[in-house]
Amino acid sequence: MECEWKPDEQGLQQILQLLKESQSPDTSTQRSVQQRLEQLNQYPDFNNYLIFVLTKFKSEDEPTRSLSGLILKNNVKAHYQNFPNGVSDFIKSECLQNIGDSSPLIRATVGILITTIASKGELQNWPGLLPKLCLLLDSEDYNTCEGAFGALQKICEDSAEILDSDILDRPLNIMIPKFLQFFKHSSPKIRSHAIACVNQFIISRTQALMLHIDPFIENLFALATDEEPEVRKNVCRALVMLLEVRLDRLLPHMHNIVEYMLLRTQDQDENVALEACEFWLTLAEQPVCKEVLCGHLSQLIPVLVNGMKYSEIDIILLKGDTEEDEAIPDNEQDIRPRFHRSRTVAQQHEGDGIEDDEDEDDELDDDDDTISDWNLRKCSAAALDVLANVFRDDLLLHILPLLKELLFHPEWVVKESGILVLGAIAEGCMQGMIPYLPELIPHLVVCLADQKALVRSITCWTLSRYAHWVVSQPPDTYLKPLMTELLKRILDSNKRVQEAACSAFATLEEEACTELVPYLAFILDTLVFAFSKYQHKNLLILYDAIGTLADSVGHHLNKPEYIQMLMPPLIQKWNQLKDEDKDLFPLLECLSSVATALQSGFLPYCEPVYQRCVNLVQKTLAQAMLYQSQPDQYEAPDKDFMIVALDLLSGLAEGLGGTIEELVARSNILTLMYQCMQDKMPEVRQSSFALLGDLTKACFQHVKPCIADFMPILGTNLNPELISVCNNATWAIGEIAIQMGECLDFNKLPQYVTVSSRQSKHVCLHRFPLFLRPVGSEMQPSIAVVLHQLVEIINRPNTPKTLLENTAITIGRLGYVCPQEVAPMLQQFIRPWCTSLRNIRDNEEKDSAFRGICTMISVNPGGVVQDFIFFCDAVASWVNPKDDLRDMFYKILHGFKNQVGEENWMRFSDQFPMPLKERLATFYGV
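Residues numbered from 1 in each chain as written. Predicted model: local features only at pLDDT ≥ 70, side-chain atom pairs only at ≥ 80, totals over all residues. Heavy atoms only, no water.

## Things to note about the overall build of the protein
Stated formally: For helices the rule is a DSSP run of H or I covering at least 4 residues; for strands it is a run of E covering at least 2, with both sets numbered from the N terminus onward. The buried label goes to any residue with under 20% of its type's maximum accessible area, the exposed label to any with over 50%, and the partly exposed label to all in between, with areas taken from a 1.4 Å probe on protein chains only. Should any heavy atoms of two residues lie within 4.5 Å, those residues are counted as being in contact. In this charge count, Lys and Arg are treated as positive and Asp and Glu as negative; neither His nor the chain ends contribute. In plain terms, the charge of a residue is placed at NZ if it is Lys, CZ if Arg, CG if Asp and CD if Glu.
The number of helices and strands found in the protein is 50 helices and two strands. Principal-axis analysis of the C-alpha atoms gives the protein an extent of 105 × 70 × 60 Å. Relative to its 926 residues, the protein shows a buried fraction of 57%. Sequence separation of at least 24 residues holds for 75% of the intrachain contacts in the protein that already meet a minimum separation of 6. Separation of charge centres in the protein, based on 80 positive and 128 negative side chains, amounts to 3 Å.

Take a look at the structure:
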């Protein structure tokens, strides 16, 4: 019946007319075509007309026929399940009959159509498809074989998983051996299809391929020098993937593979060279890398270095010969979306500032991200970077002779690549580079003024990779000249240089911190001037540089003259931006850092900023509720607005402290926060818990009435699967506990109580000093909600450092306020508690936590007995405890010593490492 379908002549002409119009460049024509297509979709046989034009209407031109097929493909995607059976059968049979059309364009379109139908879950309902395509591969007719292979390649790409499952009876067992036969086919296009099909199954270690792994590798080697670039590219891609999943099979041939890849990395065809270059990146991650490559470095390094030069195409794409473009507005498509990193509260560590669980994103694509397409230059640079991290200073043997030549080369393209090389090896070869830096850094500072913009921009990046060393030297020697020149580059007339300089300067700020204080006026002058100069994209990077400056110099920014320079342009931008403008994100982040740094200096700007943040949160919540109740009428809100606003409110609370109290009093922020704390999106909860903690510190009187509502929500968020959410919830609980404790009377004199000795097998503890305070009655009901989870988290293996420390501090603080409730569990957490807090510096958090632990020990001394050595070690980690805390330590140590007697104490303290023994003797006389 279906085969009898004939188009109506008038209908056919109408559809052809439509197809012609849809190729018109005019947007209003396009729009009306869209509407007519929507209408025609109401007719079931509209799709028959489309397949008819694609496969039968040979008199029509190819682009129109192909377009008909692509419109049909979109209909299949959107409405396939509503096609009547007759229509879908007609389409399927037409496709299979015409897969070998003489036109490559039509073959490809039919192939795409077949794949789209297959990917709609139709592989099961079209059991004849794969056998038929495999049969067509054997056709004498080249077009049929090529068309069938094209379709199979697309099916392998789209449906790899289902092809390897029992649902279809594992067709790969037949398909893979079949594909392997075609590796030796006379047509390069067919050979290329065959490898591409098999390649889809390497990474997933598909069983059918693993059974034939040896013939597959053999066949690959046979095609290694194929004259067709597409074949060589697929061979390289296969070897790179095999390196990840079947290194064992490649190892016996490794010497030859490395030699081959060296050759291919220099292939005339850049696509082949790029695939081959990936090999070095992948190899660097394998443990065997060192032994496999050590003999080849002298050949490999020059090849990679050579690949780091800009190609002529790169230079054209980068407008490398346009030097001054600062006045040309940005193309909005080029601005990459920014992702806000929500606030995570972390402890200060010994000498390393704030811990960050994420990796820094200072990777190699800082150098040229407008053509952020991965290319040979970037891949070569990334490979050199990872190899430098594998071979460390051994690499310099091969690099230094090359660098001498490159860095002083008269051709700018060569010199530029040398500067990139220098940046790429910075991390891995830092130690070995140190002797050369006193000469190199001044040379690079000179290159910052090169006449070529691309040289100036890469120099910014490379210098930022050595910022750590620069900052470790006397400031006048390198830091000052570097900073002076970088600031000039921030005001460069080329946008790419502005961007590179701004990013490099942000890195320098992070390394230099307060070293920058003497130059603040000079720095601010430049950054503020850049405001008036920058186009859209670089403005966003400038916000980041200003925020990082505020983070780095902190309260040193709080001087009237600096505030006068910095705040007016920031507030002007703030007033210009609408509530729905995504540029608010980086500006809010920047203001958040500035508010934290300026503290009271931010007061004059506080109210409008605070109000707007509250409004952003309220708007987003309202929009979310509308969307939830009527998803068809309202759009889902972009919750990033709310997250960034919450984070800025945190910054205000942290910076302004108690002075934020009246703003909180006049707003409904606590109600809004209560909703945010229950949001489905983890980042919203994460930021709302950070704000809760900051408001608890700043104006507890407003938070206190809500504690009973907040605590159960905090309890349900103590889930270490979501590290940052859990971390901030834990921290907020600790802040609430300590504020509750503040309402209590601290310095009750120690009393002596008698403790039963049943709790411990080893020691009988009777008279132990007890530090008792009135119990935090309002906290009591909440303790049960959170304590068990906190104890579980502190005992989990592999819990990140920041979360462990925050958990320990919070347990200590809860024990401080409600010792009777927490002390009975002492034995379950005392050991990890001590080991996680011995590493943080003396600070208020540590102080309150240790007061808590001492109070709990005095309620339940038996709980600490087995792990007393850990407690001793944690006490010894204090450099300078407050007098009353030192007194608590003293009483517990001596109480313990008196209990066990001199002889037992000697035996016990002999297990101590020497430094610990000496420290306790010196400070506590035990």
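Once the structure has been displayed, the description carries forward.
## Quick look at the confidence of the model for the protein
Where we set the bar: Values of pLDDT, the confidence the predictor places in each residue, fall between 0 and 100.
For the protein, the mean per-residue pLDDT works out to 89, and 92% of the residues sit at or above 70. Note on residues 351-371: pLDDT is under 50 here. Beyond four places in sequence and across chains, it has 54 contacts. Predicted confidence for residues 745-769 stays below pLDDT 50, and this span has 54 contacts to residues more than four positions away or in other chains.

## Details of unusual backbone geometry
One non-glycine residue, Q599, adopts positive backbone phi at about 50 degrees. Within the secondary structure, Q599 sits in the loop between α33 (584-598) and α34 (603-629). Even without a glycine there, the phi angle at N798 is positive, about 65 degrees. Looking at where N798 falls in the secondary structure, it is placed in the loop between α42 (780-794) and α43 (801-817).

## Overview of α33
The following threshold applies: Multiplying 1.5 Å by the residue count of a helix minus one yields the expected span of that helix.
Spanning 15 residues, α33 covers 20 Å between terminal C-alpha atoms, matching the ideal 21 Å at 1.5 Å per step. The buried fraction of α33 amounts to 13 of the 15 residues, a majority that puts the element mostly inside the structure.

## Considering the packing of helix α17 (residues 270-284) against helix α21 (residues 376-391)
To keep things clear, this is the line we draw: Axis lines are fitted through C-alpha atoms, for helices just across the contact stretch, and the angle between N-to-C directions can take any value from 0 to 180 degrees. Angle categories are assigned with fixed cut-offs, so that under 35 degrees is roughly parallel, over 145 is roughly antiparallel, 65 to 115 is roughly perpendicular, and the rest are oblique. Handedness of each helix crossing follows the sense of rotation of the near helix against the far helix: counterclockwise by less than a right angle gives left-handed, clockwise gives right-handed. Classification used: nonpolar for Ala, Val, Leu, Ile, Met, Phe, Trp, Tyr, Cys and Pro, charged for Asp, Glu, Lys and Arg, polar for all others including Gly.
Contact pair α17 / α21: the axes reach a minimum separation of 9 Å and the direction vectors enclose 20 degrees. Between α17 and α21, the interaxial angle falls into the category roughly parallel. Here the hand of the crossing between α17 and α21 comes out left-handed. Across the interface between the two elements, E270, A273, L274, C277, E278, W280, L281 and A284 of α17 pack against L376, C379, S380, A382, A383, V386, L387 and V390 of α21. Along the lines of polarity and charge, the residues of the contact of α17 with α21 split into 13 nonpolar, one polar and two charged.

## Quick notes on a negative patch on the surface
The line we're drawing: Here, patches come from residues exposed beyond 30% relative accessible area and free of salt bridges, joined within 9 Å for like charges and within 5 Å for nonpolar side chains (Val, Leu, Ile, Met, Phe, Trp, Tyr). For the accessible areas, the method is Shrake-Rupley and the probe is 1.4 Å, while residue cover comes only from the protein chains on display. Criterion for a salt bridge: a side-chain nitrogen of Lys or Arg within 4 Å of a carboxyl oxygen of Asp or Glu.
A cluster of acidic residues, E510, E511, D544 and D551, forms a negative patch at the surface. Contributions of two or more residues to the negative patch are made by α29 (495-512) and α31 (536-553). Structurally, the position occupied by E510 is in helix α29.

## Observations concerning the environment of N256
Its place among the elements puts N256 in helix α16 (residues 254-265). Placed 35 residues apart in sequence, N256 and F221 show a C-alpha to C-alpha distance of 9.8 Å.

## A word on the pattern of salt bridges
This structure, assessed with the given rule, holds 48 salt bridges. Across the pair K20 and E60 runs a salt bridge, and its minimum N-O distance is 2.6 Å. Of this pair, K20 sits in helix α1 (residues 9-21) while E60 sits in the loop between α3 (46-55) and α4 (62-79); the two residues are 40 residues apart in sequence, bridging distant segments of the chain. Here D164 ties to R170 by a salt bridge, and the two come within 3.1 Å at their closest N and O atoms. By sharing partners, the salt bridges in this structure join E323, K452, R456, E485, K488, R489 and D492 into a single network.

## Let's talk about the packing of aromatic side chains
Test applied: Any two rings among Phe, Tyr and Trp, with Trp reduced to its six-membered ring, count as a pair given centres within 6.5 Å; such a pair is stacked if its planes are under 30 degrees apart, edge-to-face if over 60, and tilted if neither.
Under the defined criterion, the tally for this structure stands at 25 aromatic pairs. When the ring of F52 is compared with that of F57, the centres are 6.2 Å apart and the planes differ by 45 degrees; the resulting orientation is tilted. Judged by relative accessible area, which is 15%, F52 ranks as buried. Measuring from ring centre to ring centre gives 5.8 Å for F149 and F179, while their planes differ by 35 degrees; the resulting arrangement is tilted. Taken together, the residues span a long stretch of sequence, with F149 in helix α8 (residues 142-158) and F179 in helix α10 (residues 172-181) at a distance of 30 residues.

## Focus: a nonpolar patch on the surface
A cluster of nonpolar residues, L626, Y627 and Y634, forms a patch on the protein surface that exposes about 240 Å² of accessible area. For Y627, the location among the structural elements is in helix α34. Residue classification places Y627 among the partly exposed residues on the basis of a relative accessible area of 34%.

## A word on the environment of K533
Locating K533 in the fold gives a position in helix α30 (residues 520-533). Taking C-alpha positions, K533 is 9.2 Å from S493, a pair spaced 40 residues apart along the chain. Every residue in contact with K533, bar those within four places of it in the chain, is listed here: E326, L491, D492 and Q498.

## A look at the side chain of R232
Short version of the rule: Residues adjacent in sequence count toward polar contacts only when both atoms are side-chain atoms; beyond that, a polar contact is any pair of N or O atoms within 3.5 Å, and within protein one must be able to donate a hydrogen and the other to accept it.
For R232, the location among the structural elements is in helix α14 (residues 229-245). Judged by relative accessible area, which is 10%, R232 ranks as buried. A distance of 3.0 Å separates a polar atom in the side chain of R232 from the backbone oxygen of D226. The residues touching R232, leaving out its near neighbours within four places in the chain, are A224, D226, E227, R264, D267, D269 and V272.

## Overview of the nonpolar core
The condition that has to hold: Only buried residues count toward a nonpolar core. Its members are Ala, Val, Leu, Ile, Met, Phe, Trp, Tyr and Cys residues joined through side-chain atoms within 4.5 Å.
One finds W280 and F602 to be the most contacted residues of the largest nonpolar core, which totals 320 residues. Here this core gets eleven residues from one element, more than from any other, and that element is helix α35 (residues 640-656). When residues no more than four places from it in sequence are discounted, the contact partners of F602 are M567, L591, V594, A595, V609, L652 and L656.

## As for the state of the cysteines
Covalent bonding between the sulfur atoms of two cysteines defines a disulfide. Heads up, the condition is: Disulfide: a pair of cysteine sulfur atoms within 2.5 Å of each other.
Overall, the coordinates contain zero disulfides when judged by the stated rule. Distance from the sulfur of C145, which forms no disulfide, to the nearest cysteine sulfur (C197) is 11 Å. Its sulfur unpaired, C502 is 9.6 Å from the next cysteine sulfur, which belongs to C460. Classification of C502 by relative accessible area gives buried; the value is 1%.

## Comments concerning the environment of P481
With respect to the secondary-structure elements, P481 resides in helix α28 (residues 479-490). Residues P481 and G734 lie 253 residues apart in sequence; the distance between their C-alpha atoms is 46 Å. The contact partners of P481, leaving out residues within four places of it in the chain, are V445, P475 and D476.

## Comments concerning the packing of helix α37 (residues 669-676) against helix α40 (residues 707-716)
In contact at an axis separation of 11 Å, α37 and α40 are set at 25 degrees when each is read in the N-to-C sense. Taken together, the axes of α37 and α40 lie roughly parallel to each other. In the packing of α37 onto α40, the handedness of the crossing is left-handed. When α37 is examined against α40, the residues L670, M673 and Y674 are found in contact with a partner set consisting of D709, F710 and I713. A class-by-class count of the residues in the contact of α37 with α40 yields five nonpolar, no polar and one charged.

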